[in-house]
Amino acid sequence: MKTITVDTPEATMKLGRAIASHLKPADLILLDGDLGAGKTTFTKGLAAGLGIKRNVKSPTFTIIREYQDGRLPLYHMDAYRLDDGSGDELGLDEYFNGDGVNVVEWSKFVANELPDNYLRIVFKRNDDLEDNARTLTFDPHGNHFATILKESIDEDGK
Amino acid sequence: MKRNLMMAFESSCDETSVAIIENGAKILSNVVATQIKSHKRFGGVVPEVASRHHIEEITICIRDAMQEANVTYDDLDAVAVTYGPGLVGALLIGVTAAKMVAWAHQLPLIPVNHLAGHIYAARFVEPIEFPALALVVSGGHTELVYMPKEGEFQIIGETRDDAAGEAYDKVGRVMGINYPAGPTVDAMAAKGNDTFDFPRAMDKDANYDFSFSGLKSAFINTYHHAEQVGNKLNHDDLATSFQNAVVDVLVDKTLRALKNYPVKQLILAGGVAANNGLRTRLSAAIDQLPATQLIMAPRKLCGDNAAMIGAAGYVLFKEGHFAGLDLNADPSLEFDWAPDVIQ
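Just so it is clear, the model here is predicted, and its values are computed rather than measured. (Residues numbered from 1 in each chain as written. Chains lettered and ligands numbered in written order. Predicted model: local features only at pLDDT ≥ 70, side-chain atom pairs only at ≥ 80, totals over all residues. Heavy atoms only, no water.)

### Here's the deal with the packing of aromatic side chains
- Under the counting rule described, the total for this entry stands at 16 aromatic pairs over all chains.
- A centroid spacing of 5.6 Å and a plane angle of 40 degrees characterise the contact between F198 of chain B and F219 of chain B, whose relative ring orientation is tilted. Taken together, the residues F198 of chain B in the loop between α6 (182-189) and α7 (213-228) and F219 of chain B in helix α7 connect sequence positions 21 residues apart.
- Owing to a relative accessible area of 3%, F198 of chain B belongs among the buried residues under this scheme.
- According to the relative accessible area criterion, F219 of chain B is buried, its value standing at 0%.
- Summarising the aromatic geometry, the rings of F219 of chain B and Y223 of chain B are spaced 6.4 Å apart at their centres and angled 10 degrees between planes, so their arrangement reads as stacked. You can see F219 of chain B and its partner Y223 of chain B sitting in helix α7, four residues apart, about one turn around the helix.
- Relative accessible area serves as the criterion here: at 10%, Y223 of chain B is assigned to the buried category.
- Linked through ring pairs, Y168, F196, F198, F219, Y223 and F242 of chain B together constitute an aromatic cluster.
- Positioned above the aromatic ring of Y80 of chain A, the side-chain terminus of K170 of chain B is 5.0 Å from the ring centre. (Phe/Tyr/Trp six-rings, centres within 6.5 Å; stacked < 30°, edge-to-face > 60°. Helix = DSSP H or I, 4+ residues; strand = E, 2+ residues; numbered from the N terminus. Buried < 20%, exposed > 50% of the residue type's maximum accessible area, 1.4 Å probe, protein only. Lys NZ or Arg CZ within 6 Å of the ring centre and 35° of its normal.)

### With respect to the sheet that holds strand β11 (residues 336-337) of chain B
Residue and element names in this part refer to chain B.
- Here six strands make up an open sheet; going across it, the order is β10-β9-β6-β7-β8-β11 and the pairing mixed. The open sheet has two edge strands, β10 (293-296) and β11, and neither has a second partner.
- Against the sheet, helix α8 (residues 235-260) contacts β6 (132-137), β7 (142-147), β8 (154-158) and β9 (265-269), and its axis sits at roughly 160 degrees relative to β6.
- Those strands touched by helix α9 (residues 276-287) are β6, β9 and β10, and its axis lies near 165 degrees from that of β10. (Pairing = 2+ DSSP bridges. Contact = heavy atoms within 4.5 Å. Axes fitted to C-alpha atoms, helices over the stretch in contact; angles between N-to-C directions.)

### Focus on the interface of chain B and chain A
- Residue-level contacts link 34 residues of chain B with 26 residues of chain A.
- Buried area between chain B and chain A, both sides added, is near 2,700 Å², and the carbon and sulfur share of it is 47%.
- Summed over the shared surface of chain B and chain A, the result is two salt bridges.
- Taking the shortest distance from any N to any O, the salt bridge between E334 of chain B and R54 of chain A comes out at 3.9 Å.
- The tally of links from chain B across to chain A stands at eleven residue pairs in polar contact (both at pLDDT 80 or more).
- The set of elements that each furnish at least two residues to the side of chain B that touches chain A consists of α5 (164-174) and α7 of chain B.
- In terms of residue count, α7 of chain B provides more of the side of chain B that touches chain A than any other element does, seven residues in total. (Buried area = accessible area lost by both parts, 1.4 Å probe. Salt bridge = Lys/Arg side-chain N within 4 Å of Asp/Glu carboxyl O. Polar contact = N/O pair within 3.5 Å; in protein donor to acceptor, adjacent residues only side chain to side chain.)

### Let's talk about the environment of G313 of chain B
All names here are of chain B.
- With respect to the helices and strands, the residue G313 is situated in helix α10 (residues 306-319).
- Its relative accessible area of 0% is what places G313 among the buried residues.
- Spatially, the C-alpha atom of G313 lies 20 Å from that of L135, the residues being 178 residues apart in sequence.

### As for the side chain of E105 of chain A
Residues and elements named next belong to chain A.
- Tracing the sequence through the fold places E105 in strand β5 (residues 101-105).
- No salt bridge is formed by the buried E105, whose closest oppositely charged neighbour, K39, lies at an N-O distance of 4.9 Å.
- Those residues in contact with E105 that lie beyond four places of it in its chain are L31, D32, K39, T40, T43, P59, H76, M77, D78, A79 and Y80. (Lys, Arg positive; Asp, Glu negative; His and termini not counted.)

### With respect to the sheet that holds strand β1 (residues 5-10) of chain B
All names here are of chain B.
- Taken in spatial order, the five strands line up as β3-β2-β1-β4-β5 in an open sheet, and their pairing is mixed. Where the open sheet ends on each side, the last strands, each with one partner, are β3 (26-34) and β5 (109-113). The sheet shows a mean angle of 20 degrees between the axes of neighbouring strands, taken without regard to direction.
- Taken together, the six bridges between β1 and strand β2 (residues 15-22) define a ladder with antiparallel strand orientation. What sits directly across from A8, in β2, is A19.

Below is the structure:
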């Protein structure tokens, strides 16, 4: 586990960018936490790190947005609207075993569909500090993600 | 001249819809089955997204649409269907149903972009004249689309993060309003005052892009700060302040686009086009531009429906733009950017 505090959206993007270069096909990153805490912002940084030029937009309504123009495909998913448990019909395992990097926001709504290994990042708004302050807690499951975390982000969040 | 009768399908998201359209301009029937209501019944805030519901509804929609229009399969000349963008599982139901009708009755199959459909909802108000500009605002989209001539669509600006309708739903959720929150927030906004002065993101930027993520965060910050110190904020004032911030940017950017893209008509379309605050403000703004006519999609055709797909499909039908039976859903389908816009 690693906890990093950031105070700008740019700093959140930078963390996404730092992780991107270590990712391989079928990797899964879960982004959980409050509304407006920076999950899509983080994904924008990660996409840039994969060399994706297209603008990453919120996937809330479309559930899944695909970006094919980077080093690896990026599958950006948002389970926010699946809070009725209908996520089992999306065929997520095909993505999770597929050719690209998978980023899932609001993963608790598809908890039954998740594999054993993933990097979970919990975003927390620190409203009591200042409006843009966020705490990101990185929780790797499996050696691959523990290594990524060690190599990509040091204790200062650089 | 023999009338053209088209069966149109729409199933890209939460609505299953089948329509029968005459000559691309007259609605003989437009049956819409929404998943929103059935989920409210079960206490769920958010509609089911899976394709199961579309499967259950689509044959019923076909039957009802044909009965209401008083037509048989023999009367039909073509089948139009939304093939993207949207949820792949949901899109596939409409695409598959349309293919089967086209194959069984030897009819041309017409692939329609969902957003072109939204824009062509305006066709039921009056014929579209070109060049035209469309502001498409919905739960999944916020785009300015330039149309130099019939059948050509070019994006000149879009949201960089959240769609406007999505921002409505998310701030609505913070205030405890059920999905879809837009109509409720709109009604509250009519009663309150703009006291919070939320940010108008990118309003002064020299482009036609939008951003609503920062507004959403500012709203949530304000709400949580007040909660933490035990303050109860006036929800109507919150709604007015939020809506003003959204509408200000939408109207300002549209006016800026109209300066550089002089058009005969401005079209307002998409689910958020039903918003009273937006309709009123945009109408007042366009009144100042005598060369441009504002056409707002009829309120009942702002949400997803198959009639609008039939209107857009008719343009493609006239051009002979048909798909084969190998047509597939394209969840990421989007218009190209205008060649003169640097992203």
